[in-house]
Amino acid sequence: MPKTRDHATHPHAWPTAAELTVGVALACTMSWVSMNFKSLSLFASYTHSETLLDAVYLVSIIAVSLTLFTAGGLDRATGSLLERRATRFALPLGVTASTLVMPLAGLEGLAGEVALYASGVLSGVFSGLFLFEFGMAFSLMTTRSIVIGAAVGSTLSTLLFALSVLFQPLEACLFSASMPPIAAVLLANGMRGVRPAEREEPCALSDQRPLDDAQERGEWRQLTAKLALASFLVGFANEATRTLYMQMGIANNGATPYAFIQALTSFGVTAGTVAIALALLASKAEHMARNAYHALVVLLMMGTLLLPLPLLYPQVGVHLPYAVNAAGYTCFGMFMWTITASVCGRYQQARVRTFGFVRGAWALGPLLGMLLGRYVLHGAGLSLETTFPVMLAAALALLLASNGVFTGTDLVKAMDIIPLARKQRFRAKCLRVIERYGLSEREGEIMVMLAKGRNLPYVQEHLYLSRSTVSTHRQHIYQKLEIHSQQELMDLVERTEE
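Given the structure is predicted, the values throughout are model-derived calculations rather than measurements.

1. Some remarks on the overall build of the protein
And step 1. Counting its secondary structure elements, the protein contains 21 helices and zero strands.
And step 2. Within the protein, the proportion of its 498 residues that are buried is 54%.
And step 3. Across the protein, contacts joining residues at least 24 apart in sequence account for 83% of those joining residues at least 6 apart.
And step 4. Carbon together with sulfur atoms contributes 63% to the accessible area of the protein, which is approximately 21,700 Å² in total.

Structure (structure tokens):
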């Protein structure tokens, strides 16, 4: 086997420079969101900075949600737009321009109103479409490269954000405005060196269309719906708790303590992302990924359940609970980014729709979470009596997301659909066995399931066949392969050369 192929598919190979470059590009894009909407740096020169931030954020998040859902619904038109060369320059420059306009929202009178709505709408539209550039690029990558890119992006973005809060308003604005163009350049350069995933039927963005196979279409709908709803619920829970944490003093602790909190968060993110990367790339990826998913849910729950702690024990402070909350949400975002990008790669014909609907739900959840937090604060103020209902709502949303919408079992099913490198090698070996021994199409389907270790009831359920029919096919398979048990079948496939 050639050395380059081994490096690309071996789970213990070091990340390549191209993969790291793509990860840094994603970090610049993710940090732009935090710099503009999770810090008062851009509006620090105004006395009503918090009100300005809330207003711009509200307009922007509505605009980005509508943009993502609309672009996903108009997938073919969106694909054609993204394939144009001019779009690659226009989108990051549009995000930059909207960033430079944001501080003008603090001006008095009509000029301030126009700047507020213009910056909010433009930032939402351009950043939403620019995010598609990353989604479509990641959908062409191998699962290994997606994991590395998402891990680097999630970790480095927290450090960039921590750096930005140390700047004065003008410096912070310029630093934030520089992120989208830098991200665009890094993404273009990185993608030139990233090894593309092996696709049976590469599909152009302008050729988005309904999936041909009915069973495949059903799988896609179910998986996309689960990812979207889980993203919505987790986003809602995080933003509701984050809004209250901000009111407890995080935003008013000064630049240095605030930067320290973000640096502390980055350590948690680093540990989480490395664990997930190892889980997804290990030889027993399904088992380890399920454990990693449960660990992420526990981390999210801890950040939510710790919400009343600073009010009960003022000496504890809000730093640690907020760090846990931010780290958990960032890790979960990296996890969902990996799964979503992989699903987009699996269903090439529907990748624009997949990304638009899932990321749209990811943006809509925080919108409702922020509205809940603000409603409680403005209606009744910050107290134990108001904090507990918000904590309860957030905890219930997390429980519903992880135990009812997208469970560990759903994750395993998703990974069964996503073509990991080791699974591609397994399928290649199965195809070689099918061709060598002349199995029929139906026999080949059943043989692959048996080679995976599936039992007869599983084959019955998934192929809608009777038990006697499956038993008969299994008997014919064993006769043709000259074996006598399922273990011998698994050993035969394992010994087969690709």
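Right, picking up where we left off after that structure.
2. Topic: the nonpolar core
And step 1. If you look at the biggest cluster of nonpolar residues, it comprises 61 residues, and the most contacted ones within it are Phe132, Phe134, Phe138 and Trp337.
And step 2. Breaking this core down by element, the ones donating at least two residues are helix H2 (17-37), helix H3 (49-73), helix H5 (85-101), helix H6 (109-138), helix H7 (143-164), helix H8 (169-193), helix H13 (319-346) and helix H14 (351-380).
And step 3. The next biggest cluster of nonpolar side chains, apart from the first, holds 37 residues, and it includes Leu227, Ala228, Val297 and Trp362.

3. Describing the pattern of salt bridges
And step 1. According to the stated counting rule, one finds seven salt bridges in the structure shown.
And step 2. One salt bridge in this structure joins Arg144 and Glu19, with 2.5 Å as the shortest N-O distance. Taken as a pair, Arg144 in helix H7 and Glu19 in helix H2 lie far apart in primary sequence, 125 residues in all. Pair check on accessibility: Arg144 and Glu19 agree, each one buried.
And step 3. For Arg442, the salt bridge identified is with Glu445, shortest N-O distance 3.0 Å. On the criterion of helical spacing, the pair formed by Arg442 and Glu445 is a turn pair, its members being three residues apart in helix H18 (residues 441-451).
And step 4. Judged by its relative accessible area of 31%, Arg442 is partly exposed.
And step 5. We classify Glu445 as partly exposed; its relative accessible area is 34%.

4. Description of H8
And step 1. Given a rise of 1.5 Å per residue, 25 residues ought to cover 36 Å, and the 37 Å separating the end C-alpha atoms of H8 matches this to within 8%.
And step 2. The largest bend in H8 amounts to roughly 25 degrees and is located at Met179, with the proline Pro180 lying one to four residues further along.
And step 3. Those residues of H8 not exposed but buried are Ala172, Cys173, Phe175, Ser176, Ala177, Met179, Pro180, Ala183, Ala184, Leu187 and Gly190.

5. Things to note about the packing of aromatic side chains
And step 1. Summed over all chains, the structure comprises twelve aromatic pairs.
And step 2. Consider the rings of Trp32 and Phe37, whose centres lie 5.8 Å apart with planes at 90 degrees: the pair is edge-to-face.
And step 3. Between Arg346 and the ring centre of Tyr347, over which it is positioned, the NZ or CZ distance is 4.9 Å.

6. Focus on the confidence of the model for the protein
And step 1. Scored by pLDDT, the protein comes out at a mean of 82, with 86% of its residues at no less than 70.
And step 2. In the predicted structure, residues 1-12 sits below a pLDDT of 50 and forms 15 contacts with residues beyond four places in sequence or in another chain.

7. So, H2
And step 1. Between its terminal C-alpha atoms H2 stretches 31 Å, which fits the 30 Å expected from 21 residues at 1.5 Å a residue.
And step 2. Where burial is concerned, most of H2 is hidden: 15 out of the 21 residues are buried.

8. Quick look at unusual backbone geometry
And step 1. Even without being glycine, Glu482 reaches a positive phi, approximately 60 degrees.
And step 2. Along the polypeptide, Glu482 turns up in the loop between helix H20 (467-481) and helix H21 (486-495).

9. Observations regarding the environment of Ser383
And step 1. Its location among the elements puts Ser383 in the loop between H14 and helix H15 (384-405).
And step 2. Measuring from C-alpha to C-alpha, the distance between Ser383 and Leu312 comes to 9.7 Å, with 71 residues separating the pair along the chain.

10. Re the environment of Val493
And step 1. Among the secondary structure elements, Val493 is positioned in helix H21.
And step 2. Given the relative accessible area of 2%, Val493 is considered buried.
And step 3. With 60 residues separating them along the chain, Val493 and Val433 place their C-alpha atoms 6.9 Å apart.

Reading guide: rules and limits
- Residues numbered from 1 in each chain as written.
- Predicted model: local features only at pLDDT ≥ 70, side-chain atom pairs only at ≥ 80, totals over all residues.
- Heavy atoms only, no water.
- Helix = DSSP H or I, 4+ residues; strand = E, 2+ residues; numbered from the N terminus.
- Buried < 20%, exposed > 50% of the residue type's maximum accessible area, 1.4 Å probe, protein only.
- Contact = heavy atoms within 4.5 Å.
- Areas by Shrake-Rupley, 256 points an atom, 1.4 Å probe, with all protein chains shown as cover.
- Core = buried A, V, L, I, M, F, W, Y, C linked by side-chain atoms within 4.5 Å.
- Salt bridge = Lys/Arg side-chain N within 4 Å of Asp/Glu carboxyl O.
- Expected span 1.5 Å × (residues − 1).
- Bend = angle between axes of the 7 residues up to and from the residue.
- Phe/Tyr/Trp six-rings, centres within 6.5 Å; stacked < 30°, edge-to-face > 60°.
- Lys NZ or Arg CZ within 6 Å of the ring centre and 35° of its normal.
- pLDDT = per-residue confidence, 0-100.

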